[in-house]
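Secondary and tertiary structure notes
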Amino acid sequence: MEIDCQPEDSIVSSFDEDCVELGDVKDMRLEAEAVVNDVLFAVSEMYVSQSLDSALDVAYINVETREGNRYCLELTEAGLRVVGYAFDQVDEDLSTQYHETVYSLLDTLSPGYREAFGNALLQRLERLKQNGQ
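Calculation notes
- Residues numbered from 1 in each chain as written.
- Predicted model: local features only at pLDDT ≥ 70, side-chain atom pairs only at ≥ 80, totals over all residues.
- Heavy atoms only, no water.
- Core = buried A, V, L, I, M, F, W, Y, C linked by side-chain atoms within 4.5 Å.
- Buried < 20%, exposed > 50% of the residue type's maximum accessible area, 1.4 Å probe, protein only.
- Helix = DSSP H or I, 4+ residues; strand = E, 2+ residues; numbered from the N terminus.
- Contact = heavy atoms within 4.5 Å.
- Axes fitted to C-alpha atoms, helices over the stretch in contact; angles between N-to-C directions.
- Parallel < 35°, antiparallel > 145°, perpendicular 65-115°, else oblique.
- Nonpolar A, V, L, I, M, F, W, Y, C, P; charged D, E, K, R; others polar.
- Patch = residues over 30% accessible without salt bridge, like charges linked within 9 Å, V, L, I, M, F, W, Y side chains within 5 Å.
- Areas by Shrake-Rupley, 256 points an atom, 1.4 Å probe, with all protein chains shown as cover.
- Salt bridge = Lys/Arg side-chain N within 4 Å of Asp/Glu carboxyl O.

In this section: the nonpolar core. The nonpolar side chains of soluble globular proteins are, as a tendency, buried together. Met46, Ile61, Leu73, Val102 and Leu106 are the most contacted members of the largest nonpolar core, which has 27 residues in total. Looking at this core, the elements that each hand over two or more residues are α1 (28-39), β3 (45-48), β4 (59-64), β5 (70-76), β6 (79-84), α2 (102-109) and α3 (111-132). If we skip the residues at most four places from it in the chain, Leu106 touches Val39, Val43, Val63 and Tyr113. Core analysis: the second largest hydrophobic core is formed by five residues, Val58, Tyr60, Cys72 and Val83 among them.

In C-alpha cells:
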C-alpha cells in the first residue's frame, strides 16, 4: 500500500528537538508547530488552533484523522490529550489520558495514521536498503 504524500525525514525525530526553551519552560506554541510538522503526512488535516488561546505552557492543535474524525488536542508539559471532538472545542468535563508523544496519541485514535506511518517507515527502509547496495 502507498501513502498519499511523501513523508519528510522527520518520521523518527522527536518534536522536543525543535522546541525553544525559556528557562525551564518550553514554548508550547512552537512545540505544537513541530508536532504538526512531524505527523502532517499521516493525517487528513492538522494545524495549531488560532481561535483558542495558547501560552508558553499550553497550546491547542486541531486534527482530522484519515477516517474523518476531528479532535482538539491540548499540548502541555504533561503531554498531549484530547480535549474536544471538534476543531477549536475544549470540553472542560472531558477527562482523557495524556500521551507522551503525538505518535502514541494518534496510534490510539486512527488506524489510518498507523497504516500511513508504517508505510512511510517501510519506504524509508527501502531507500536505505537501495542506497546501501
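We now examine the packing of α2 against α3. Across the interface, α2 lies against α3 with an axial gap of 5 Å and an inter-helix angle of 125°. The orientation of α2 relative to α3 falls into the category oblique. In this structure, α2 contributes Tyr103, Leu106, Asp107, Thr108 and Leu109 to the contact, and α3 contributes Pro111, Tyr113, Arg114 and Phe117. Among the residues forming the contact of α2 with α3, the class breakdown is six nonpolar, one polar and two charged.

Further remarks concern a nonpolar patch on the surface. Judged by side-chain polarity, Leu121, Leu122, Leu125 and Leu128 come together as a nonpolar surface patch covering roughly 370 Å² of accessible area. In this fold, Leu122 is placed in helix α3.

This next bit is on the pattern of salt bridges. One pass over the structure, following the stated rule, counts four salt bridges. Of the charged contacts, one joins Arg29 and Asp27 as a salt bridge, the two residues approaching to 3.1 Å between their closest N and O atoms. What makes Asp27 buried here is its relative accessible area of 10%. As a salt-bridge pair, Glu74 and Arg81 come within 2.9 Å of each other at their nearest N and O atoms.

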